[in-house]
Amino acid sequence: VVDLFSFDSASRAIWSAEGFVQDFSAVTQQPRLVTTAPAGTQGEGSQFTYRIAITHHHPLGIPHDHKHENLMVLRNAGALLSELAAHQIRLILHGHRHHPYFGRAVIHADQPESRSIGVLSAGTVSRGKKKKKYGFQFYVLTLDANLNMQATPYISEGGSFQPKTHFYIEDLQEA
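The residue numbering used here restarts from 1 in each chain and proceeds along that chain's sequence as written. In keeping with the predicted nature of the model, local features appear solely for residues at pLDDT of at least 70, side-chain atom pairs appear and are counted solely at 80 or more, and the whole-chain, interface and lining totals rest on all residues. Only heavy atoms go into the side-chain values, all of them from the structure, while hydrogens and water stay out.

What about the nonpolar core?
Side chains that are nonpolar tend, in soluble globular proteins, to be buried together.
And step 1. The set of buried Ala, Val, Leu, Ile, Met, Phe, Trp, Tyr and Cys residues whose side-chain atoms join them within 4.5 Å is what this entry labels a nonpolar core. Per-residue accessibility, obtained with a 1.4 Å probe over protein chains only, is compared with the maximum for each type, and a residue is labelled buried under 20%, exposed over 50%, and partly exposed between these values. Formed by 16 residues in total, the largest nonpolar core has its most connected members in Phe 7, Ala 53, Leu 80, Leu 84, Ile 92, Ile 107 and Ile 117.
And step 2. The numbering of helices and of strands both runs from the N terminus, where a helix is a DSSP run of H or I of at least 4 residues and a strand a run of E of at least 2. Sorting the residues of this core by element identifies strand S1 (2-7), helix H2 (77-86), strand S5 (101-107) and strand S6 (115-121) as the ones contributing at least two each.
And step 3. For this core, the leading source of residues is H2, giving five residues.
And step 4. In terms of nonpolar packing, the next biggest core, distinct from the first, is built from eleven residues, Tyr 50, Leu 91, Leu 147 and Ala 151 among them.

So, in C-alpha cells, the structure goes:
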C-alpha cells in the first residue's frame, strides 16, 4: 500500500516565491490516495505501508541553485521534516524550481529513533520557451514487495526520453 499526503506550501504568501506549510494535520488524516496492497499484505495502516508526502516548495536546499535558493526552500522546512519523520513518512516529492535532485535527510540522527527521509525534486517534461539547463526529466517510482522504493530517472536532451541508472530512496545498507 502507498499512502500519499499532500501539504499546501503555496497558498500562504510570505514574500516572492517563498513557501510555508501552515497545516500539518494532513499527515494525521486519511491519505489522499491509497493504492491496492500487494497480495499477502495487510493493507492500509499496516507495516506494509509506504508513506509519501507531496509539497510544492523544497524541504531541502538544492545544489546548483544558490542564486534563488532562499526563495525556494520552505520557511518552516525543519518543522515539516520533523513532523513527517514522526509519522514515518519515507519520501517527500516536490517541484517548484524543476531541477532534478535527490537527497536524504536524517532526522534526530543523534537518537535511537532517528528516521531517514528521501527528498526527490521533480525535473520538467515540457520544453517551455527555451531549452532547460538540466534537460527534460521525470522519475518512475517502483515499490517492491519488501517496500524498497526505486527511482529511475528518464532524461531527454531534446529527443526521446531514455532511462538512466536507478537508485533506491532508502540506503539499503542501513535497512
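Digging into the environment of Glu 170
And step 1. The topology assignment puts Glu 170 in the segment after strand S10 (167-168).
And step 2. For Glu 170, a relative accessible area of 15% corresponds to the buried category.
And step 3. As a C-alpha pair, Glu 170 and Arg 104 span 66 residues in sequence and 8.0 Å in three-dimensional space.
And step 4. Excluding residues within four positions of it along the chain, Glu 170 makes contact with Tyr 50, Arg 90, Arg 104, Leu 147 and Met 149.
And step 5. Definition of a polar contact: a pair of N or O atoms within 3.5 Å, with one able to donate and the other able to accept a hydrogen when the atoms are protein atoms, and with sequence-neighbouring residues admitted only if both atoms are side-chain atoms. Polar contacts involving the side chain of Glu 170 include one to the side chain of Tyr 50, which spans 2.8 Å.
And step 6. A distance of 3.0 Å separates polar atoms of two side chains, one belonging to Glu 170 and the other to Arg 90. The contact criterion used throughout is that any non-hydrogen atoms of two residues lie within 4.5 Å.

Observations regarding the environment of Arg 75
And step 1. Looking at the secondary structure, you find Arg 75 in the loop between helix H1 (69-72) and H2.
And step 2. Since its relative accessible area comes to 52%, Arg 75 is described here as exposed.
And step 3. Sequence separation between Arg 75 and Glu 18 is 57 residues; the distance between their C-alpha atoms is 6.9 Å.

Describing the pattern of salt bridges
And step 1. Any Lys or Arg side-chain nitrogen located within 4 Å of an Asp or Glu carboxyl oxygen qualifies as a salt bridge. What the rule picks out here adds up to two salt bridges.
And step 2. With its nearest N and O atoms 3.9 Å apart, the salt bridge here joins Asp 3 to Arg 51. Of this pair, Asp 3 sits in strand S1 while Arg 51 sits in strand S3 (residues 50-55), placing them 48 residues apart in sequence. Each member of the pair, Asp 3 as well as Arg 51, carries the same accessibility label: buried.

As for the pairing of strand S4 (residues 91-94)
And step 1. Being paired, for any two strands, means DSSP has found at least two bridges between them. Bridge count for S3 against S4 is four bridges, and the pairing is parallel. The residue bridging Thr 55 from the neighbouring strand is His 94, located in S4.
And step 2. Bridge count between S4 and S6: four bridges; the pairing is parallel. Each residue of the ladder has a partner; that of His 94, found in S6, is Ser 121.

Some points on the confidence of the model for the protein chain
And step 1. In this model, the protein chain carries an average pLDDT of 77, and 68% of its residues clear a pLDDT of 70 or more.
And step 2. Confidence scores differ between elements of the protein chain, with strand S2 (residues 33-34) showing the lowest mean pLDDT of 54 and S10 the highest of 96. Every residue is assigned a pLDDT by the predictor, reflecting its confidence on a scale from 0 to 100.

Side note on H2
And step 1. Listed in full, the buried residues belonging to H2 are Ala 77, Leu 80, Leu 81, Leu 84 and Ala 85. Down the axis of H2, the buried set is contained in an arc of 130 degrees. They therefore lie on one face.
And step 2. Elements that come into contact with the buried residues of H2 comprise S1, S3, S4, S5 and S6.
And step 3. Where H2 ends, the next residue or the one after it, Gln 88, has phi of about 60 degrees, a positive value. As used here, the arc is the angular range of directions from the helix axis to the C-beta atoms.

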